[in-house]
Amino acid sequence: MALYHNEDQAMLADTARQFMGEEGTIAKQLRHWRDKSCKDGFGHALWKQFAELGFTGILVSEADGGLGMGNVEAGIVLEEIGRNLTPSPFLTSSVMAATALGGGNDELRGRYLPGLLAGDSVFAVAVDEGPKHRPERIATRAERAGNGFKLTGQKAFVVHGGSADMLVVAARTAGADDDQDGITLFAVPKDAAGLSQDAVRLVDSSMATHVKLDGVQVDADAVIGEVDAGRALLNRVLNAGRVGAAAESVGVAGGAFDMTTTYLKQRKQFGQLIGEFQALQHRASHLYSELEIARASVIKAQQLLDAGSEKAELMVAVAKAKAGKAASLAVKEGVQMHGGIGMTDEYDIGLYMKRDRALAEFMGDMYYHAERVAQLSGY
Amino acid sequence: MSDLDAFRGEIRAWLEENCPPEMREPARSDDDICWGGRKFQFKSEAQKQWMERCAAKGYTVPDWPKAYGGAGLNPAEAKIWREEMNRISARPPLSSFGIWMLGPALLKFGTEEQKVHYLGQIARGEIRWCQGYSEPGSGSDLVSLQTFGEDKGDHWVVNGQKIWTSYANKADWIFCLVRTDKTNKYQGISFLLFDMESPGVSTKPILLISGNSPFCETFFDNVSVPKHQIVGDLNRGWDVAKYLLGHEREMISGAGGNDRLNTIGAYAKRNGLEDPLLRAELAMFDVDALAFSAMGEKFLDEIKVGKAHPAQPNMMKYAGTELNKRRHELLMATGGSAALEWDSEGSGRGSKARTWLRTKANSIEGGTSEVMLNVISKRILDLPGA
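Residues numbered from 1 in each chain as written. Chains lettered and ligands numbered in written order. Predicted model: local features only at pLDDT ≥ 70, side-chain atom pairs only at ≥ 80, totals over all residues.

**Some points on the overall build of chain B**
Thinking step 1. On a plain count of helices and strands, chain B comes out with eleven helices and eight strands.
Thinking step 2. The C-alpha atoms of chain B give 21 Å as radius of gyration, which agrees with the globular expectation for 386 residues (21 Å, within 12%).
Thinking step 3. With the principal axes as the frame, chain B shows a C-alpha extent of 65 × 50 × 45 Å.
Thinking step 4. For chain B, the residues scored as buried account for 44% of the 386 residues in total.
Thinking step 5. Sequence separation of 24 or more characterises 71% of the internal contacts of chain B that already satisfy a separation of 6 or more. (Helix = DSSP H or I, 4+ residues; strand = E, 2+ residues; numbered from the N terminus. Rg over C-alpha atoms; globule rule 2.2 N^0.38 Å. Buried ≥ 20, exposed ≤ 12 C-beta atoms within 10 Å, placed from the backbone. Contact = placed C-beta atoms within 7 Å.)

Put into structure tokens, the structure is as follows:
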């Protein structure tokens, strides 16, 4: 498959770019909700608009009423989200939770997917248990109790957890904390007894929670997929989240880069445009190269994932690490090249830096994924 | 089964039968490369067989038309050919500047007669070409070149000097930029072809820090070049050269489809890898290298359908060469003191150290990294005054 968007994908990209450029702008969304100290950190009206455009069901099968598309298409929307820093539950709900629910039975999909498709529901995914992404280690326990399971443990960095109607929780039904096997995914309703969440606002103004599961009782029908054999499904969820976050990073980087090159063509110092200085030209051109390469690694990973290739695992790690590296460079160069105004809240470039930092941690930073590249390559 | 699946089966069977086992491992150094040409000495019977078998089927230049010595493969088939070659780690049967550079230029700018004659020779490995571009006073600023061809009616008389001519002492013919009009800087250069055995041509190898001499100074003293040995129009050689520089930058960037999925870290581990910081550096490098291999694939895909930015080869050249220099820095670090050996048998006569030193030229030849960044600034980013 060629590593560029086909006609349908290019049309979707046009739609997403136009929509996000009009409705998802920093002024209308990010700053608006931030300045209101909104407890969700995003607007529900915009989420309904996502649904009207079909975005919420991009990864939901056609049989379930979705568009039945893949990670390439989800990534197209995410890149525009990144470019505009649009706060939305798209990545957690329509990419990760939708991927999880895709592995669930008819009843479960019937319970949750219509709300997602309509833009009425928000879902979150609770995997990590500490400040760094370490899904290999899952200590949260789910023990058989009555007609179902009782969940005990804690989860960290649950993005949109406080706004979510349902949390996809990865818990251990067998084995030791570091075992590969023995994992089960659960769909836990927000009002389940024993579930409590502490909401925290993050550096990028997004909202996340620390989740406590204190003997949370769920019925057997809350199980997504197979009991004890949820690791493969969890990996699918994580990989969709990783490549999705990588696509969003490319968008963040692209937005910061465009702002910065525009500024280089406007700002005058020493009687000339600062973009005329070769010191800045070379850094901008280096950054351009890094962004192009990151974008290539992301589309390659998306395609491999959609094709079910065995090489997808490695390339997803490469894409998350590379996009993280490139975006980090883009926002740092962006702030530096803007000079003093880059440090002000009034200018948007600093918002890109904050979003990049949060996205870098989400689903594993470049160090985590470089380590994965090493392990998957056998060293 | 689709036609392409059937084609893949054919290629796989043909390779199985025709690619000698010795040719199924990557070249260890420049010494293992088959360059062809009148002066070339095959290193082994297997190398000779492999080149000849491929040439007979057009597989030395698989995507060139059959009429010019190729196999006439379309882009999808050519990709399958590369994939199947990579699958068994087969070496390229023939490498040359004729294939990479002159060939594409002739396919675009050559006359029918030139294509049949020169491309056929290249495809069969009969003539080895070198490139006469840079001059002592014209490196990065190539268009200031001074080598002059004086019009003598049915021929030109060429005088001047080239430098950094790769393998000029081993080449049979040269494609050369020659000034044919002193009054016009850009539109006063012609693209000429001539035999290196022509009276008045001499070469002098330049000893490099690697201890090798892949480059020469090349001198032209009243060299006679017949008028039909011009590619493209008179004084429009710069168009050909620019087109060709794109190919050269692509080639140096390593975008030619080499399978780089064998990560450098995996290689290092076979030699013992105990230092955690070095391992971390290798992992970060492999992220960049694997991402760049996706970029190479994307770039080729986009070129095929005209989606690539015309100046994108400059980005590929910049990123690819900088990456390759880093690769060899890390290979030296993983090799430790064993990689320092210069002429021992066991070190392949210092192949690691020499290759490491050789790669330092990657970001100089064919346009320096700094020139590439200038071009990106001007043509892609449209920065002021660039």
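The structure having been displayed, the exposition proceeds.
**Some words on the overall build of chain A**
Thinking step 1. Within chain A, the regular secondary structure consists of eleven helices and ten strands.
Thinking step 2. For chain A, whose C-alpha radius of gyration is 21 Å, the value lies close to the compact-globule estimate of 21 Å for 379 residues.
Thinking step 3. Projected onto the principal axes, the alpha-carbon positions of chain A cover approximately 80 × 50 × 40 Å.
Thinking step 4. Taking all 379 residues of chain A together, 56% fall into the buried category.
Thinking step 5. By sequence separation, contacts in chain A at least 24 residues apart represent 74% of the contacts at least 6 residues apart.

**Digging into the pairing of strand β3 (residues 148-159) of chain A**
All names here are of chain A.
Thinking step 1. Looking at chain direction, strand β2 (residues 141-145) and β3 are connected through five bridges and run antiparallel. Across the sheet, Ala-145 pairs through a bridge with Gly-148, a residue of β3.
Thinking step 2. Counting the residues that bridge the hairpin from β2 to β3 gives two residues, and of these Gly-146 lies at a positive phi of roughly 60 degrees.
Thinking step 3. As paired elements, β3 and strand β7 (residues 207-219) share ten bridges and run antiparallel to each other. Note that in β7 the partner of Val-158 across the bridge is Thr-209. (Pairing = 2+ DSSP bridges.)

**Quick look at the packing of helix α8 (residues 276-304) of chain B against helix α9 (residues 312-335) of chain B**
Residue and element names in this part refer to chain B.
Thinking step 1. Running from N to C, α8 and α9 cross one another at 150 degrees; their axes reach a closest spacing of 10 Å. Classified by the angle between their axes, α8 and α9 sit roughly antiparallel to one another. Seen from above, α8 lies across α9 with left-handed handedness. Residues Leu-278, Glu-281, Leu-282, Phe-285, Asp-288, Ala-289, Phe-292 and Phe-299 of α8 form the contact with α9, whose own contacting residues are Gln-312, Met-316, Ala-319, Gly-320, Leu-323, Arg-326, Arg-327, Leu-330, Ala-333 and Thr-334. (Axes fitted to C-alpha atoms, helices over the stretch in contact; angles between N-to-C directions. Parallel < 35°, antiparallel > 145°, perpendicular 65-115°, else oblique. Left-handed = near helix turned anticlockwise from the far one by under 90°.)

**Considering the domain arrangement of chain B**
Residue and element names in this part refer to chain B.
Thinking step 1. According to the domain assignment, chain B consists of domain 1 (3-95), domain 2 (129-236) and domain 3 (254-380).
Thinking step 2. Look at where the C-alpha atoms of domain 1 and domain 3 centre, and you get two points 24 Å apart.
Thinking step 3. Partitioned by chemical class, the residues of the side of domain 1 that touches domain 3 number one nonpolar, two polar and two charged. (Domains from an automatic or database assignment. Nonpolar A, V, L, I, M, F, W, Y, C, P; charged D, E, K, R; others polar.)

**Quick notes on the interface of chain B and chain A**
Thinking step 1. Each partner contributes residues to the interface: chain B has 34 residues there, and chain A has 33 residues.
Thinking step 2. Those elements that provide at least two residues to the side of chain B that touches chain A are α7 (264-270), α8, α9 and α11 (369-380) of chain B.
Thinking step 3. A total of 15 residues in the side of chain B that touches chain A trace back to one element, the largest contributor, which is α8 of chain B.
Thinking step 4. Within the side of chain B that touches chain A, the residues separate by chemical class into 21 nonpolar, four polar and nine charged.

**Section: the packing of helix α4 (residues 71-84) of chain A against helix α5 (residues 90-102) of chain A**
Residues and elements named next belong to chain A.
Thinking step 1. As a packed pair, α4 and α5 sit with axes 12 Å apart at the nearest point and diverge in direction by 170 degrees. Looking at the two axes, α4 sits roughly antiparallel to α5. Each of Ala-74, Val-77, Leu-78 and Ile-81 in α4 lies in contact with α5, whose residues at this interface are Phe-90, Leu-91 and Val-95.
Thinking step 2. For the contact of α4 with α5, the residue count by class is seven nonpolar, no polar and no charged.

**Looking at unusual backbone geometry**
Thinking step 1. Notably, Asn-222 of chain B is not glycine yet its phi reads approximately 55 degrees, a positive angle.
Thinking step 2. Here Asn-222 of chain B shows up in strand β7 (residues 215-226).

**Remarks on the nonpolar core**
Thinking step 1. Counting 159 residues, the largest nonpolar core has Val-168, Phe-186, Val-188, Ala-301 and Val-318 of chain A as its most contacted members.
Thinking step 2. It is helix α7 (residues 231-264) of chain A that provides the largest number of residues to this core, a total of 16 residues.
Thinking step 3. If we skip the residues at most four places from it in the chain, Val-318 of chain A touches Ser-297, Ala-301 and Val-373 of chain A together with Val-287, Leu-290 and Ala-291 of chain B.
Thinking step 4. Ranked by size, the runner-up nonpolar core spans 64 residues in total, among them Leu-73, Phe-191, Leu-193 and Leu-244 of chain B. (Core = buried A, V, L, I, M, F, W, Y, C linked by C-beta atoms within 7 Å.)

**Details of the domain arrangement of chain A**
Residues and elements named next belong to chain A.
Thinking step 1. Domains assigned within chain A are domain 1 (7-121), domain 2 (125-228) and domain 3 (232-376).
Thinking step 2. Inter-centroid distance (C-alpha atoms) of domain 1 to domain 2 is 23 Å.
Thinking step 3. With 19 residues of domain 1 at the contact, the number on the domain 2 side is 17 residues.
Thinking step 4. Of all the secondary structure elements, the ones that give two or more residues to the side of domain 1 that touches domain 2 are α2 (26-35), α5 and α6 (106-118).
Thinking step 5. The residue inventory of the side of domain 1 that touches domain 2, partitioned by class, reads nine nonpolar, six polar and four charged.

**Points about helix α9 (residues 312-338) of chain A**
Residues and elements named next belong to chain A.
Thinking step 1. Helix length check: α9, at 27 residues, gives a terminal C-alpha distance of 38 Å against a target of 39 Å (1.5 Å per residue), a fit within 8%.
Thinking step 2. Most of α9 sits out of view: 23 of its 27 residues are buried.
Thinking step 3. A positive phi of about 65 degrees marks Gly-339, the residue just after α9. (Expected span 1.5 Å × (residues − 1).)

**Here's the deal with the environment of Gly-149 of chain B**
All names here are of chain B.
Thinking step 1. Its place among the elements puts Gly-149 in strand β2 (residues 148-151).
Thinking step 2. Overall, the presence of 24 C-beta atoms within 10 Å leaves Gly-149 in the buried class.
Thinking step 3. For Gly-149, the residues in contact, after removing those within four places along its chain, are Trp-156, Val-157, Val-158, Val-178, Arg-179, Thr-180, Ser-190, Leu-192 and Val-225.

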